Amino acid sequence: MSSALSTDLACKELVELVTDYLEQTLSLEEQTRFEHHLTMCRACKEYLRQIRSTIDISRKLAEHALPPEVQDELLAVFRRWKTG
Amino acid sequence: MVRDSARLQSAASEDVASLEALGTPGSTRKEDRRLVAAIRAGDEGVFICLVKRHHRAMIRLARAYVPPGAADEVAQEAWIGVLKGLHKFEGRSSLKAWIFRILINCARLRGAREARTVPFSSLDEDPQEPAVAEERFLDAGHPRWPGHWLKSPEPWMDERLISEETLSMVARAMDELPRAQCEVMRLRDVEGWTSAEVCEALEISEANQRVLLHRARSKVRQALEPYVSAGGS
Amino acid sequence: MIAFKFLARGAVGPFTGFEWPTPSASSPGVWVEVPPASFPNRGIHGCLVEQLPYWLDEELWEAELDGVVHHTPMQVITSRGRLLRHVVSWTEEVAAELALACLFKARDAAADLLQRNRRGKDADQLSACADVAQLERAARAMTTTGEANFLANLIGYVADAAKRAKMNHVGTVCYVTADLARVASGSPEAAVSERIWQGRWIAARLQLPQTDSARSV
């Protein structure tokens, strides 16, 4: 005997589980409850979308180019270390 | 890619190309040892590859400890520390984690000297704050929907999400996070490190890392909300 | 085994964003498999008929599931699966029909209890409502007395379900009406029974093939 509904998440709990969900560290049962809640709660679906957007925007902050003057400085550091 | 005026003395160019790929998540210990050996042998190309891979992230992380102007110097100090300590690197941790620990130590020391409040511990400073303000939910006494949304999140507007302004807002919101949360979110979400790599570099547990990441993301979302929501300013 | 999957538009997994390989005119979609080590936390999810209402989404697909099978109360999880056919008869209109069917069934249950508790006037008023907006107004008006009691709560559920039916949030309507059934009867099993009724409604309406019985775990 089981009740799939008796252990439904409240939205207030769900927002605290969002990171665990994205990290895939929820148990199978918790994950199922989480996902089911999203099918019947537009607000929580939107909240998850917003956390994902926040992460996507953060990703754009990464810059990988090394300014030439910085490269020259660090090359100089390296050469001093080599001879030192 | 390589400036003419700074000719690199490097081993065969294909070594450089293959080493470009190193330092990515999943780099093995074997690859780390090759890198270290090449640098100790004086290979400039390999060293610059390593620098390119990590330098910007090091500066960003340093900003959690020192004023922005000092971050470049801290990162440079860290590279000096890396070179000086390279002969002691045993490969017990990944090279990346080892480099970033040196960086963090430099940043902490410098931060203490600059008299910026830098608590030593990586533990979180505000353990009780919920991901979303309590008043946004129906209270526990509601007969049908205790804990459900009272004031739902408004959809975010696509055009606002891609703006430069939003990008700077996220950067600023991260800068204002408690230091430990800032570190974790920077490394995970900005730099794309794996959870294992972050735990190794910051010497924290998986669970601790998750909690910090959770609080960081919740706060940054909260900061963004008024600016990117349909109902926002 | 045959099972069903609700997917987002374009046969996309609603939670993973996984783009499911779709069937062609002549053959089923390609098999999708998960590594055994990650099973069952990562797996192919499907619904038996009685589990359909938990996962309502834009597209309904008939699927074949294979490999290791793990039954849970709300879904079946297997290690491999493939899409067989897009059940195009599942449309927004049918979803709206389902919402109304759930709503008026819930209304009738509430009205019945009101009658039996000497609130015949309220019962009749609810029963007389012919459309969703009217029902929501009537139910909402009855609960403004501020009384927090069993009957007021039931009426509140009806008002909540009506509001969501008006907004075409069928998944929410199915949930609310199942919760009303639980409260009305005082037993969690009533909610599960309501879900089974909802699933069978969908299967009958769309003439879906039978699936294995859902198992309690």
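Residues numbered from 1 in each chain as written. Chains lettered and ligands numbered in written order. Predicted model: local features only at pLDDT ≥ 70, side-chain atom pairs only at ≥ 80, totals over all residues.

**Side note on the overall build of chain C**
Scanning chain C for helices and strands turns up six helices and five strands. Secondary structure elements of chain C, listed N to C terminal, follow the sequence β-β-β-β-β-α-α-α-α-α-α. Every one of the 217 residues in chain C was classed for burial, and the buried ones make up 44%. Look at the contacts in chain C between residues 6 or more apart in sequence, and 64% of them connect residues 24 or more apart. (Helix = DSSP H or I, 4+ residues; strand = E, 2+ residues; numbered from the N terminus. Buried ≥ 20, exposed ≤ 12 C-beta atoms within 10 Å, placed from the backbone. Contact = placed C-beta atoms within 7 Å.)

**Observations regarding the overall build of chain A**
Helices and strands together make up the secondary structure of chain A, namely four helices and zero strands. Moving toward the C terminus, one meets the helices and strands of chain A in the order α-α-α-α. Looking at chain A as a whole, 30% of its 84 residues are labelled buried.

**Quick word on the nonpolar core**
By size, the foremost hydrophobic cluster in this structure holds 78 residues, and its most contacted members are L103(C) and V158(C). No other element matches helix α1 (residues 92-116) of chain C, which puts 11 residues into this core. Each of two domains, domain 1 (2-88) and domain 2 (92-205) of chain C, supplies a minimum of three residues to this core. If we ignore the near neighbours within four places in the chain, the residues touching L103(C) are V132(C), A161(C), A162(C), A165(C), V173(C) and T177(C). One finds C49(B), L61(B), A180(B) and L202(B) within the second-largest nonpolar core, a separate group that totals 58 residues. (Core = buried A, V, L, I, M, F, W, Y, C linked by C-beta atoms within 7 Å. Domains from an automatic or database assignment.)

**Digging into the domain arrangement of chain C**
Residues and elements named next belong to chain C. Along its sequence, chain C is carved into domain 1 (2-88) and domain 2 (92-205). Distance from the C-alpha centre of domain 1 to the C-alpha centre of domain 2: 31 Å. Taken together, the contact pairs seven residues of domain 1 with 11 residues of domain 2. Here the residues of the side of domain 1 that touches domain 2 sort into five nonpolar, one polar and one charged. (Nonpolar A, V, L, I, M, F, W, Y, C, P; charged D, E, K, R; others polar.)

**Structural notes on unusual backbone geometry**
Residue P40(C) is bonded to the preceding F39(C) through a cis peptide linkage, with omega at -5°. Mapped onto the secondary structure, P40(C) falls in the loop between β2 (32-33) and β3 (44-46).

**Focus on the packing of helix α1 (residues 11-23) of chain A against helix α3 (residues 42-59) of chain A**
All names here are of chain A. With their axes 11 Å apart at the nearest point, α1 and α3 run at an angle of 20° to one another. Taken as axis vectors, α1 and α3 run roughly parallel relative to one another. Taken as a pair, α1 and α3 cross one another with a handedness that is right-handed. Counting all contacts with α1, which are made through C11, L14, V15 and V18, the residues of α3 involved are A43, C44, Y47, L48 and I51. (Axes fitted to C-alpha atoms, helices over the stretch in contact; angles between N-to-C directions. Parallel < 35°, antiparallel > 145°, perpendicular 65-115°, else oblique. Left-handed = near helix turned anticlockwise from the far one by under 90°.)

**Some remarks on the confidence of the model for chain A**
All names here are of chain A. For chain A, per-residue confidence averages 88 on the pLDDT scale, and residues scoring 70 or more make up 89% of the total. Of all helices and strands in chain A, the one with the weakest mean pLDDT is helix α4 (residues 68-83) (91), whereas α1 scores best (97). With pLDDT under 50 throughout, residues 1-6 is counted as low confidence; its partners more than four residues away or in other chains account for 18 contacts. (pLDDT = per-residue confidence, 0-100.)

**Here's the deal with helix α5 (residues 170-185) of chain C**
All names here are of chain C. Taking 1.5 Å as the rise per residue, α5 with 16 residues should run 22 Å; its terminal C-alpha atoms sit 23 Å apart, in good agreement. Taken across its 16 residues, α5 has 14 buried, putting it largely inside the fold. Looking at the residues trailing α5, positive phi occurs at G186, about 75°. (Expected span 1.5 Å × (residues − 1).)

**Let's talk about the packing of helix α3 (residues 44-62) of chain B against helix α5 (residues 95-113) of chain B**
Residues and elements named next belong to chain B. Close contact between α3 and α5 brings their axes to 10 Å; oriented N to C, the two are set at 35°. As α3 runs across α5, the sense of the crossing is right-handed. Facing H54, M58, L61 and A62 of α3, the residues of α5 in contact are I99, L103 and A107. Taken together, the residues that form the contact of α3 with α5 break down as six nonpolar, one polar and no charged.

**Points about the pairing of strand β5 (residues 76-86) of chain C**
All names here are of chain C. Relative to β5, β2 runs antiparallel, the two being bridged by two bridges. Among the inter-strand pairings, E33 is bridged to a residue of β5, identified as R80. One ladder, built from three bridges, connects β3 with β5; its direction is antiparallel. Along β5, the bridge assignment pairs H45 with I77. Between the end of strand β4 (residues 59-71) and the start of β5, which pair antiparallel, lie four residues. (Pairing = 2+ DSSP bridges.)

**Considering the environment of H71(C)**
Residues and elements named next belong to chain C. Along the polypeptide, H71 turns up in strand β4. Accessibility expressed as a C-beta count within 10 Å gives 15 for H71, which makes it partly exposed. Separated by 82 residues in the primary sequence, H71 and N153 place their C-alpha atoms 34 Å from one another.

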